[in-house]
Amino acid sequence: RQPQPRCDAMAAVLTADVGMPDTAAVAQEVDKGGAEVQKRFLSFLGAYGTMSAADTSTRSTSDDARAVYVEALNQLKDEERSTLAINFADVVDFDSVLAHEAIAAEYYRFEPFLRKAAQNFVRQHQPAMLMDENGDKEVYVSFYNLPEVHELRALRTEHVGRLVSVRGTVTRTSEVRPELLFGAFQCAECGREHVDVEQQFAYTEPSICSNPTCGNRSRWTFLRQKCKFVDWQRVRCQESAEEVPPGSLPRSIDLILRHEIVEEARAGDKCVFTGSLVAVPDVAALARAGERTEIKPQGGRGGESNQGVTGLKRLGVRELNYKLCFLVSSVRMGDGKGGVDARAEQAAAAEGGEEDAKAEFSEEEKAELEQMAKLPRSQLYERLISSIAPGVHGAKEIKRAVLLQLLGGVHKRTHEGINLRGDINVAVVGDPSCAKSQFLKYVADFLPRAVYTSGKSSSAAGLTATVVKEPETGEFCIEAGALMLADNGICCIDEFDKMDIKDQVAIHEAMEQQTISIAKAGINATLNARTSILAAANPTDGRYDRSKPLKYNVALPPAIMSRFDLIHVMIDEPNEVHDYNVARHIVAVHKDGADATELDASYNTAQMQRFVKYARSIVPRITKEARAELVRSYTRLRTADAAPGSGSAYRMTVRQLEAMVRLSEALARATLCEEVKQWHVQEARRLLRTSIIALETEDVVLDEDIDMDEALGGAGGALLADDGEQGADAGEGGSQVKQERRQVTISYERFSRVSRALLLRLLEADEDGEESVQQLSLVADYVRTQLKKGAIDEAGVEDEATLARSVVQHMVVKEGAMLVIADEGEQEADEDDVELVGEHAFDKRMLSANPAYEQD
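Here the focus is the overall build of the protein chain. A tally of helices and strands in the protein chain yields 28 helices and 29 strands. Here the protein chain holds 856 residues, and 45% of them are scored as buried. Taking as baseline every contact in the protein chain between residues at least 6 positions apart, the subset at least 24 positions apart corresponds to 73%. About 43800 Å² of surface is accessible on the protein chain, with carbon and sulfur atoms providing 49% of the total.

This next bit is on the sheet that holds strand β28 (residues 818-822). Hydrogen bonding along the main chain pairs the strands of a sheet, whether they run parallel or antiparallel. Taken together, three strands build an open sheet; the order of strands is β27-β29-β28 and the sheet is antiparallel. At either margin of the open sheet sits one strand with a lone partner, and together these are β27 (773-774) and β28. In the sheet, β27 pairs with strand β29 (residues 846-849) via two bridges, with the strands oriented antiparallel. Bridge assignment links Q774 to a residue of β29, and that residue is M846. In the packing of helix α25 (residues 748-767) onto the sheet, contacts are made with β27, β28 and β29, and the angle to β29 comes to roughly 90°. Sitting on the sheet, helix α27 (residues 797-815) touches β28 and β29, and the angle it makes with β28 is about 90°.

On to the confidence of the model for the protein chain. Taken residue by residue, the protein chain gives an average pLDDT of 76. The fraction at 70 or more is 77%. Ignoring residues within four places in sequence, the model shows residues 1-27, a span with pLDDT below 50, making 24 contacts including any to other chains.

Turning next to the packing of aromatic side chains. All chains considered together, the criterion is met by 13 aromatic pairs. Between the aromatic rings of F185 and Y203, the centroid separation amounts to 5.9 Å while the plane-to-plane angle is 65°, which identifies the pairing as edge-to-face. Pair noted here: F185 is in strand β5 (residues 177-187) and Y203 is in the loop between β6 (193-198) and β7 (220-222), with a separation of 18 residues, a long-range link. Note that R332 overlies the ring of Y144, its terminal NZ or CZ placed 4.0 Å from the centroid. Above the ring of Y452, the side-chain terminus of K441 is found at 3.9 Å from the ring centroid.

Before going further, it helps to spend a moment on the environment of A601. With respect to the secondary-structure elements, A601 resides in the loop between α19 (594-600) and α20 (605-615). Contacts of A601, omitting those with residues within four sequence positions, involve S386, S387 and P390.

To continue, consider the pattern of salt bridges. Pairs may arise between side chains of opposite charge once their charged atoms sit close together. A full pass over the atoms with the stated rule returns 41 salt bridges. Notably, a salt bridge pairs R81 with E79, separated by 3.9 Å at the nearest N-O pair. Its relative accessible area of 41% is what places E79 among the partly exposed residues. The shortest N-O distance in the salt bridge between K323 and D254 comes to 3.7 Å. In this pair, K323 sits in strand β11 (residues 322-333) while D254 sits in strand β9 (residues 252-258), placing the two residues 69 residues apart along the sequence. Look at the salt bridges and you will find they share partners, linking E382, E397, R400, E683 and R686 into a network.

The next point concerns the packing of helix α10 (residues 396-407) against helix α11 (residues 436-446). At a minimum axis distance of 12 Å, the contact between α10 and α11 shows a crossing angle of 25°. On the basis of the axis angle, α10 is roughly parallel to α11. At the point where α10 passes α11, the crossing takes the right-handed sense. When α10 is examined against α11, the residues I398, K399, V402 and L406 are found in contact with a partner set consisting of F439, V443 and F446.

Another point: helix α22 (residues 654-670). The end-to-end C-alpha separation of α22 is 24 Å, in line with the 24 Å expected for 17 residues at 1.5 Å each. A positive backbone phi angle near 55° is found at L672, which sits one or two residues after α22.

Further remarks concern helix α4 (residues 96-104). Among the residues of α4, L98, A99, A102, I103 and A104 are the ones counted as buried. Burial along α4 is one-sided: seen end-on, the buried residues are contained in an arc of 155°. Close packing links the buried residues of α4 with α1 (32-47), α3 (88-94), α5 (107-125), β2 (140-144) and β4 (163-173). Taking the backbone nitrogen of V97 as reference, a side-chain oxygen 3.3 Å away marks D95 as the first, capping residue of α4.

So, on to the sheet that holds strand β21 (residues 532-537). An order of β15-β18-β21-β14-β22 is seen for the five strands of this open sheet, with the pairing classed as parallel. Edge positions in the open sheet fall to β15 (450-454) and β22 (566-570), since each of these has one partner strand only. Ignoring which end each strand starts from, the neighbouring axes of this sheet average 15° apart. Judged from the five bridges that link them, strand β14 (residues 426-430) and β22 form a sheet pairing that is parallel. Bridge pairing in β22 places G430 opposite M570. Lying on the sheet, α10 is in contact with β14, β18 (490-494), β21 and β22; it crosses β22 at an angle near 150°.

The description of two packed helices rests on the angle between their axes and on the distance between the axes. Running from N to C, α25 and helix α26 (residues 775-789) cross one another at 120°; their axes reach a closest spacing of 10 Å. Of the possible angle classes, the one that applies to α25 and α26 is oblique. The chirality of how α25 crosses α26 is right-handed. On the side of α25, the interface is formed by V754, A757, L758, R761 and L762, while α26 contributes S777, L778, D781 and Y782. When the residues that make up the contact of α25 with α26 are grouped by side-chain class, the tally is six nonpolar, one polar and two charged.

This paragraph deals with the environment of A822. Counting through the fold element by element, A822 comes out in strand β28. Considering only alpha carbons, one finds A822 and S848, 26 residues apart in sequence, at a separation of 9.8 Å. With residues up to four places along the chain from it excluded, the contact list for A822 reads R845 and M846.

About the thresholds
Residues numbered from 1 in each chain as written. Predicted model: local features only at pLDDT ≥ 70, side-chain atom pairs only at ≥ 80, totals over all residues. Heavy atoms only, no water. Helix = DSSP H or I, 4+ residues; strand = E, 2+ residues; numbered from the N terminus. Buried < 20%, exposed > 50% of the residue type's maximum accessible area, 1.4 Å probe, protein only. Contact = heavy atoms within 4.5 Å. Areas by Shrake-Rupley, 256 points an atom, 1.4 Å probe, with all protein chains shown as cover. Pairing = 2+ DSSP bridges. Axes fitted to C-alpha atoms, helices over the stretch in contact; angles between N-to-C directions. pLDDT = per-residue confidence, 0-100. Phe/Tyr/Trp six-rings, centres within 6.5 Å; stacked < 30°, edge-to-face > 60°. Lys NZ or Arg CZ within 6 Å of the ring centre and 35° of its normal. Salt bridge = Lys/Arg side-chain N within 4 Å of Asp/Glu carboxyl O. Parallel < 35°, antiparallel > 145°, perpendicular 65-115°, else oblique. Left-handed = near helix turned anticlockwise from the far one by under 90°. Expected span 1.5 Å × (residues − 1). Arc of directions from axis to C-beta. Polar contact = N/O pair within 3.5 Å; in protein donor to acceptor, adjacent residues only side chain to side chain. Nonpolar A, V, L, I, M, F, W, Y, C, P; charged D, E, K, R; others polar.

The structure is reproduced here in C-alpha cells:
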C-alpha cells in the first residue's frame, strides 16, 4: 500500500539556509489526512467515557466526569510505563469512521500521528511523564480487541499496512536487543546534521544531504548520542494444529515486538497478536552461501559496487527479495476463541490472592463462582467430576485424577532453594477402545498451555529442547520442545509405551525436578519444564492380564513408573448394564452431537475454565490433623506393601507420600477450602489405593458346590453331595435335580496364591513324568504344605480343603488352566489323604495343567 503522494526523496525537504540567500523556500508537504486523524484521536482519548461523540463539541475541561483513558493514564504513571492500551471497540463506539477507515485501513501510515496524539494527550494531563534527560519521552499506542482474529494462513498482501489480529502459538523467541528506530547522521562533506532519519527495517542513511551546495550521497558519520533506540525482539509464531488443512504443514511467521511488549510472549504461549503486516527486505537471502549469487555485487574498482547493502534502494531492485513480517502492537494471552488462561503462575496467585483472581471476571462470572462456593463440598466435588470429559461415559476415578491434575498441588521452595514439585502426573493404562485418547484430547483443548504429542513420533529433542542455528545471525539458539512449550501447563503424551528407551530417559529430569539441562554446541543451560504429564499407554500383549503384575503388563521402566502420582488401569470387560449405558451414550453423541454430552455435565467448558483459574489462586495450608493423618496413611500403605502376597505393583516410596500431599492440596482446591482437612487426606489415600499402585483387583466368586453334570462336561450321572449321598431323579422326563450352589467370595490375592500353589504341584508332576495327578492327592498336598508353613492350624484344615477344591473347580470350568484327564482314575485313594481332607465326589478325577495356559 503506497502512502499519500509526498515529495520525491524524503517525507519533507528542508529549505536551504546557508550560502543561498536568494533561494526560494520549499514548503514542507503536510499529510492533511494524518493531521485530521491526529485531531480526532486526541478528541477520543480526552472525551471517551464522559459523553457521547455528538456532545464532544460542548465539552469543557472543567467537567467533573473523568474519561476512561485519563484514568488509564494515571495507572500508567503509577506503573512507570509509556504504552497506552486502547480498546478498539471503544474507538468504534466513539467514531466508527476514525476506527474503520483510518486506523484499521491505513494503520501503518497513520501510526506516527496516533503517537503524536497520545503524546499531546499525556502532555495535557500528565506532563511529568514526558520528562526525560534526552528531551520529550516517547509515548506509544497499542490496540487490542479487534472484531476479527485472522489465521496465519489467511494473511495476504492486501493486509499490508492494515491493523489486523492474528492468533498462533509461539515456538521460538530471540533475546532482547536494541533497535535503531530513528537515526542521526552528520554529513562528512559539509558537517550538517540530519536527525530523526526513519529506519525502514534496515540500516537506512539519508538519500542526499539537505545542503543544496553539498550533494553528498554516501559519506555519513553516525551520531549515536542523538539516535533513538528501542527494545526489539523477534518471535516465531506457528499456526495452531486445528487450523492446519489436511495434507499441509503448519505455517510460521516472524513477529517483531518493540518497546514494552518484549518478553510478554514466551515459547508455548497461545496468543492473539494485534499489529500490521509489513514487507521487509530479506537480508538473510543475500548472505546464504551458494544461493542467489547473481544478486551479489560484482567486484570492480571504486564506485558503489563494493559498498554492500545500505538501504531499501539497494535491495529488491535486481530481484524480488522481500518477506512478510508482522509488526506487533499488542499481545494478549488466549487463542481468540473466548478461552480463559487457566494456568496462572503460582507466584502471581500467591501475591494477589483470591480477590485479584476474582477481579479478572465479570459480575455475572463472580456471582456464578459464589454460587458454586455455596454448594456442599461433596456435591461440588461430584459436579466437577461429571463435567470433566462429558463425552466419555463412566470412568469416574480417571475423571477425578484429571480434575486434580488440572488444579494441581502447591509449589514450594525450601530454605536451601530446592523446588518441590506441585504438579501431578497421571498415567492411564488400558485396553484398546477405552477412551484414553479422549481424555488427552479434552485436556489439550481445555488449557491454553497444553501440548498433545504421540510417543512413537516424538524424539528426545522434540520432547525437551534442541539447539538450532539462527538463520539470520548464524548464532546457536534453543528451540523449545513439547515439555518446554507446556511450561505451567499439561503435556499429553499418547502411546507412551511405544517410545524408545533413550527418549523415555530424556523426561526423567522433567518429571521430578521439572527442569531440562542442555549442554550442546557451547550452550550450557537449565530450562524450566514446570509441567504435569498425562500419559496413556497400552498393555504389552494388547490387553491387560489381571493374573500378572503391572510390570509384566506395561513396557515401562520402574524409574518412570514411580514418578507418576496416579496410575489407573482401564479394563474392557463384558458387563451387561455398563455396555448398555455406554452404547446409549455413544449413539446419543452421534445423533445429537454436543447437546448429548451437555446433559450429563453440570458445568460447561468455559465455566470449568473459570473455576480452575479461580481455584488455583487458593493456597491451602496443611492443618495439624491432616499432618497426622498423612503420616498414619503413609505408614499403613508401607505396612500393607511389605505384607507377603500383597500383590503390590511396586514398592511404596517417599514419592507416594509426596503424591498424597499434592492430591490432598488439589482436593482442598477442588472444594474451595483454604485448609487441607483430614478427609482430604483420606480421599487422597483412597485414590492411591484404588489406582494400580496398590493393585486392588476385583474379588473372585467361587462356587463352593458344583453339579457333576457341568463338571463332567455334560455327561449324565448321579449328583453327589458333600456327604456322599446320591441325589434322586425328580421328574418324569428324567431331568436331574441340580444341587443348589453356595457361592463364596475371596480376594483376588488369596485366589492367586492358592491357584499358583496348585498349578505348581501339577507342573512339578509333569516334569517328573506323571501325566496326571489325582485331585484328592493334589488337595491333600496343598493342605500339608500350608500346615507345614504355619499358615493354618488343625482347626482350619477342613475350610482350607474346601477352598482348594473350589479353586480347582474354578480353574477347570472358568479359566481352563487345568484339564480333566479322566473322570475316575485307576489309582486308589490314599487313606492318609482321606483322613486329612475327607472325601469329595470329584476327588477321584485325574487332573493336569493346561499346556496353553501361560504362567509368569
